[in-house]
Amino acid sequence: MSFSVRVNGEDFDAEPRAGQCLRTYLRERGWFGVKKGCDAGDCGACTVQVDGEPVHSCLYPALRAEGRAVTTVEGLAEEGGELHPLQQKFLDAQGFQCGFCTAGMLMTASAFDEEQLADLPRALKGNLCRCTGYRAIEDAVRGVRHTERPCAGQAVGRSLGAPAGPQVVTGTARYTFDVDIEGLLHMKLLRSPHPHARIVAIDTADALRVPGVVAVFTHEDAPDTLYSSARHEHPTEDPDDTRVLDDTVRFVGQRVAAVVAESEGAAEEGCRRIAVTYEQLPYVLDPEEAMGPGAPVIHPKGPESRIARPQDNVCGEAHGELGDVEQGFAEADVVYEETFRTQRVQHASLETHGCVASFEEHEETGEERIVVRSSTQVPFLTRRALCDLYGLPMDRVRVVAGRVGGGFGGKQEMLTEDIAVLAALRLHRPVKLEFTRAEQFYGATTRHPFTITVKLGARRDGTLTALQFRVVANTGAYGNHGPAVMFHSIGESMGVYRAPHKKVDAYSVYTNAVPAGAFRGYGLGQVTFAVESAMDELARRLGVDPLVLRERNVIGPGEHMAGPLGEEEDLHIASYGLDQCLRVVRDALADDTSAELAPEGWLVGQGFAMAAIACGPPGGHLADATVKLLADGTYDIAVGTAEFGNGTTTVHKQITAGALGTTVDRIAIRQSDTDVVRHDTGAFGSAGTVVAGKAVMKAANALAERILSFTAEYARTPRSLLRLTAEAVECDGRTVPLKEVYEAAHGQGVELAADGHFGGSPRSVAFNSQWFRIAVDPDTGEIRILRSVHGADAGKVMNPLQCRGQVEGGVAQALGATLFEQVLVDDRGEVTTAAFRRYRLPAFADVPRTEVHFSETSDAIGPLGAKSMSESPFNPVPPAFANALRDATDIRFTEAPFLRDKVWRALDARRRRPASP
C-alpha cells in the first residue's frame, strides 16, 4: 500500500505506524506547532485542518489523511510569507499569554463561517485556554486591536505586544519538547496502585525482554538522599521527605519504577511487565484523622527531615496570639463563627510536566556536561537540586527552560528532572520524560484543600474586636510546599484587617493522597475565601453595609500588617490603592443595571470581596541581570526568569528601552538558561516584575550611565550635554551612532555592559477587589454571571494590556475553582477525575468579560513604581461570588465549588422546610 499526504504544501510518503494519530505523525516530521495537551480530543491544542476542515489531530488516525491536504499553523500564512489575517489579529489583540493553545485556536477560528463567528461560545467549545480568560481571544477573532506601536524611550506604561508574539502565532515558538534530538530514549513510569505500601520485591526480567527496552530503574538504583520536590531559594523551607524512587509508596500514583526504551510504546509495555510484590499498609485520607491517635504514621523520619511532628503526621504548624482573643470576643456585641472548606484544584497548564536530559560539550572547558531542557519555572533552583542529588559540580549541569506552556505554580516543582537525569547519567544517552494528561492529575500536584474555621467579633458600630482562625491544610503524601503554603495563608489574609486581638492555630497535615503544592495565590485564596465570606455574614448580623464594614477595619497607608505570628519586618505598604479598589466596587453598585438582564423568575444577587498580597515571597528572592551594547548598536538582556505567559519578557524589554532611550525592537533577550546569568530564584511568587524587573532596571540604568560617560570622553563633550537616543548618542549637536560607540569602546578593550541585582527585599503589598452581579435559576440551580468588575492595585502599570490579561486570566481560573473544578479522590485516595472531560475547565462560554480598573498608585519599592499582579487577582473571586450567591439565595454556601446540583439541593431543601410558627 502506498501512502501520501500533503502537509503545508509538502508531500510526505512515510506510512504511519499502526494506530498512529495524526498529531504524532506531524510532530515527528517537524511540525511542532501541533501541540499535545490532552491526547483525548478535549483541549483543541492539536487542531489542524484536513482539506480545510478543523480536526483534533490527537483523535484523527494518520492513515485517514492519505491523499488529503493537511494544514498546520506553520502553513497558515499567506503565500510570500505574509501572516494570515487572523494571525495578525491575534498579534494586534494580544490574543494569547503562554501561547500553548494559540495554534489550535488559530486553526479552528480561521475556518469559521459567518454563522460560527456569530456564536463564538459554541464555535470555540472544543478549544481550551488556561491563561487568558478568553476576552483577548474573542477580541482577536473579532479584529479588535489593543497593542500600541513602539516609541523610543517611552515604552513603560504602553500596551506593547509580547516579543515572542510572531513566533507564537506562526507555531515557531519552541516549547520544551519542540526539539529533535538524535538517539532520544523515552521514559515511562510505573506507578503505585496502593495508597500506602512497602515494596517487598520487584521483578524486572520480563520488562527487559520487551524489544526496545534499554533499562529499568527501581529504588535499588536511586540515591538514598532525601530531598523535597518543591523549589525555594532556601531549601530548608520544605521538609526533606522524598526520594527519587522509594521502597515505600504513600499514594496511588506514586512512581515505583522507570522504564527507558527506544519508543514510548516499548516503555509502556515494559511498565506493564514489571512484577511488584507489595506489603500493604494502613492509610489515612482525612487530615483530622491523620492527626488523631492511632493514625498510621506516613513519614517516620528524624529531625533532619524538618517535619514538625512526624509521629502525628503534622508536616508543619504555626500557633500565635496577639492580645487576648477571649477578651476580644467578650468585648464584642456580635460574634460570628463558621467553618469553610476548599477543594483540590489542578493547575491544568496545557503543556504537561516534562523534560529532556541530554549531553553537550561545554564551550569554554571542553568538558562534557548534562543539559536538562525542562518545562519549569525554576531552572536555577532545579540545577542546584540536581547537583546536590547526584554530587555534580554546577558547571557540569545546564538547565534550560524553553517557552513554558503555563505554570501557575505547578512548575515550581522538580517532578521529572530528577529521574530523567538518573537514567541519562547511567545510560549516557538522551532521555525524555513527558507526563500524560492523566499523570498530570495523579502524578503532579494540586492546590491544597483547606478547612478553615473563622471566628470574628465586632462592636455594634462595626469595629472588629477579635479574629481567630483554625486552619488545616491537607498537604497529601509529601510536604512539598506544605509548611510554606500554610504560613502564607495566614499572613495577609489576617493582617489586612485591624483588630487588637488575633489568634491562629494552623496545621499542614500529611495524608495518603496526591501531594499538594504551589498554586496561584499560595494558600491566601483558600483563607481569603473564608475570611471574606465571614466578614459578609458579620455585616449582615450587625446590619452594616459590607463595604462600610471593610472600610472601617482595613489597614491604611503606612500601617504594618500585624498578626498573631508577628510582623514581617521587610513587608511594607509602600503604596496604597486599597481605597481605590473599594471605590471600584462602590462605583459598580452605583451605576449597575445588569439585574435587568436576569431571566424572569430568577434570583438576583450581588457581592464583593477584597484581598491583599505581598509582592514577592519572604526570605529573599534573588535575581541577576546583565544588559550590554552589541556591535550593531542594539542591546542584549540576559536574565534568568522563565516566560510562561506571565509577560516578564515584555516588561523587561520595556524597562530597558525606557532607561536606554530606545525601542523594544532593538533589544534582544536571553532568559531562563543557567548559562545566561549567575542566578535567578525563579518565576514564582509574583516576582517577575518586582524582583527580576528591578535587577534589569538597575543593569539598564548602569549601562546608560556607562555609555554616556564613555561617549563623553570619546567625543570630548561634557557629560551633561549628552543624550541617548534609539540608535545614537546626541552630543551637543553632534550625533555619534551607537555602532561607533561600540567600536571605539571595543578598540580600547572596554565592554559596554552592566550588571544588576535585587534580593527581593523589602517587599510591598498589592490589593485587589472583585464584584459580581449574578442570577440563579431556583428550579435548576443554574447560575449566570450578569456582571463582573475587578479593582487592581498594581502600582505603576508597566503594560496595561498585558496586566489586564493577567487579571482576566486570574479571574477566569478562580471562577473555575469557584463553580466546578475539583480533583476528586475515592476512598483509597485514587484520583477519579484524571481527564479534562471528567475535570471541567472553564471554556469560552463559561467566562464573562470582566471590567478591570487599575488604581493610580506608584510604589516606593517596585521598579518604576510597579507592583505584582499575577497571583493576586485570583484571591477575591471565590468569596465575592459566594457573597453574591448568598445575596441571591439567602443561603450561605461554605464549601467550594458551588456546583449547580449543590445549589439546587440547598434551594430545594429550603423550600421543603416547614415554615416557622
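Above this text sits the structure in question.
Below: a short report on this structure. For every chain, the first residue of its written sequence is number 1, and the numbers climb from 1 along that sequence. Local features in this predicted model are restricted to residues whose pLDDT is 70 or higher, and side-chain atom pairs enter the listing and the counts only when it is 80 or higher, whereas totals over whole chains, interfaces and linings include all residues. Note that the side-chain values use all heavy atoms of the structure and ignore hydrogens as well as water.

1. Section: empty space enclosed by the protein
- Detection works on a 1 Å grid of protein atoms alone, calling trapped sets that fit a 1.4 Å probe cavities and calling open sets with protein on both sides within 12 Å along at least five of seven lines pockets, with lining residues defined by an atom within 4 Å of a point. Grid points are joined across faces, edges and corners, and a volume is the space filled by probe spheres set on the points. Taken as a whole, this structure holds 10 cavities of 30 Å³ or more when the rule is applied.
- Considering the residues around the largest cavity, the lining is formed by 21 residues, among which Thr-242, Phe-251, Gln-254, Arg-255 and Leu-415 are closest to the centre.
- Residue classes follow a fixed rule: Ala, Val, Leu, Ile, Met, Phe, Trp, Tyr, Cys and Pro count as nonpolar, while Asp, Glu, Lys and Arg count as charged, and any other residue, Gly among them, counts as polar. Considered class by class, the residues forming the lining of the largest cavity number 10 nonpolar, six polar and five charged.

2. Digging into the packing of helix H12 (residues 379-390) against helix H13 (residues 417-427)
- In contact at an axis separation of 10 Å, H12 and H13 are set at 50° when each is read in the N-to-C sense. As summarised for this structure, H12 and H13 are arranged oblique, according to the angle between their axes. Once H12 is placed against H13, the crossing between them reads as right-handed. Together, Thr-382, Leu-386, Leu-389 and Tyr-390 of H12 and Glu-417, Asp-418, Val-421, Leu-422 and Leu-425 of H13 make up the contact between the two elements.
- Residue composition of the contact of H12 with H13, grouped by class: six nonpolar, one polar and two charged. To obtain each axis, a line is fitted to C-alpha atoms, and for helices this fit is confined to the stretch in contact; angles are then taken between N-to-C directions over 0 to 180 degrees. Secondary structure elements are taken from DSSP: a helix is a run of H or I of four residues or more, a strand is a run of E of two residues or more, and numbering for both begins at the N terminus. In what follows, roughly perpendicular refers to angles from 65 to 115 degrees, roughly parallel to angles under 35, roughly antiparallel to angles over 145, and oblique to any angle outside these ranges. Here a crossing is taken to be left-handed if its near helix is turned anticlockwise relative to the far helix by less than a right angle, and right-handed if that turn runs clockwise. Two residues form a contact once any of their heavy atoms are found within 4.5 Å.

3. Observations concerning the pairing of strand E19 (residues 464-476)
- Across the 13 residues of E19, 12 count as buried, placing the element largely inside the fold.
- The pairing criterion for strands is at least two bridges between them, as found by DSSP. Here nine bridges tie strand E18 (residues 450-458) to E19, and the two strands are oriented antiparallel to one another. From the neighbouring strand, Phe-450 faces E19, where its bridge partner is Ala-473.
- Taken together, the 10 bridges between E19 and strand E20 (residues 501-510) define a ladder with parallel strand orientation. Residue Leu-467 lies in a different strand from E20, and its bridge partner there is Lys-502. Only protein chains enter the calculation, and the probe is 1.4 Å; a residue is then buried if its accessible area is under 20% of its type maximum, exposed if over 50%, and partly exposed in between.

4. Quick word on the layout of surface pockets
- One number sums up the size of the second largest pocket: a volume of about 930 Å³.
- The wall of the second largest pocket is formed by 28 residues, among which Thr-24, Glu-28, His-186, Glu-264 and Lys-432 lie closest to the centre.
- Residue assignment for the lining of the second largest pocket shows that the elements contributing at least two residues are helix H1 (22-28), strand E6 (185-191), helix H9 (264-272) and strand E17 (431-434).
- A per-element tally of the lining of the second largest pocket places H1 first, with four residues.
- Classifying every residue of the lining of the second largest pocket by side-chain character gives eight nonpolar, eight polar and 12 charged.

5. Some remarks on the sheet that holds strand E31 (residues 850-854)
- Here four strands make up an open sheet; going across it, the order is E21-E29-E30-E31 and the pairing mixed. Single-partner strands in this sheet number two, and they are strand E21 (603-614) and E31. This sheet shows a mean twist of 15° between the axes of neighbouring strands, independent of strand direction.
- Inspection of the sheet shows E21 paired to strand E29 (residues 765-776) by 12 bridges, in the antiparallel sense. Its bridge partner lying in E29, Ala-611 is registered against Asn-768.
- Against the sheet, helix H23 (residues 800-819) touches E29, strand E30 (783-793) and E31, its axis set at about 130° to E31.

6. Describing the side chain of Thr-717
- With respect to the secondary-structure elements, Thr-717 resides in the loop between helix H21 (687-715) and strand E25 (722-724).
- The exposure class of Thr-717 is buried, given its relative accessible area of 12%.
- In protein, a polar contact means a hydrogen-donor-capable atom and an acceptor-capable atom, both N or O and within 3.5 Å, with residues adjacent in sequence counting only if both atoms are side-chain atoms; elsewhere, any N or O pair within 3.5 Å suffices. A polar contact is formed between the side chain of Thr-717 and the backbone oxygen of Ala-715, at a distance of 3.1 Å.
- Thr-717 has contacts with Ala-712, Leu-722, Cys-731 and Asp-732, leaving out every residue within four places of it along the chain.

7. Focus on unusual backbone geometry
- Backbone torsion omega between Ser-761 and Pro-762 reads 5°, so that peptide bond is classified as cis.
- Looking at the secondary structure, you find Pro-762 in the loop between strand E28 (753-758) and E29.
- Of note, the amide linkage connecting Ala-896 to Pro-897 takes the cis form, showing an omega dihedral of 0°.
- Mapped onto the secondary structure, Pro-897 falls in the loop between helix H24 (877-889) and helix H25 (900-912).
- Phi at His-481 takes a positive value of approximately 70°, unusual for a residue other than glycine.
- By secondary structure assignment, the location of His-481 is in the loop between E19 and helix H15 (482-489).
- Residue classification places His-481 among the buried positions, given a relative accessible area of 0%.
- Of note in this structure, Asp-890 is not a glycine but carries a positive phi near 65°.
- Tracing the sequence through the fold places Asp-890 in the loop between H24 and H25.
- Overall, the relative accessible area of 53% leaves Asp-890 in the exposed class.

8. Some remarks on the packing of aromatic side chains
- Each pair of aromatic rings taken from Phe, Tyr and Trp, with Trp reduced to its six-membered ring, is defined by centres within 6.5 Å and is described as stacked if the planes are under 30 degrees apart, edge-to-face if over 60, and tilted in the remaining cases. Tallied over the full model, the rule gives 14 aromatic pairs.
- Each ring, one from Phe-529 and one from Phe-898, has its centre 6.2 Å from the other, and the planes form 50°; the classification is tilted. With a gap of 369 residues between them, Phe-529 in helix H17 (residues 524-542) and Phe-898 in the loop between H24 and H25 connect regions that are remote in the sequence.
- With 5.4 Å between their ring centres and 70° between their planes, Phe-772 and Phe-881 make a pair best called edge-to-face.

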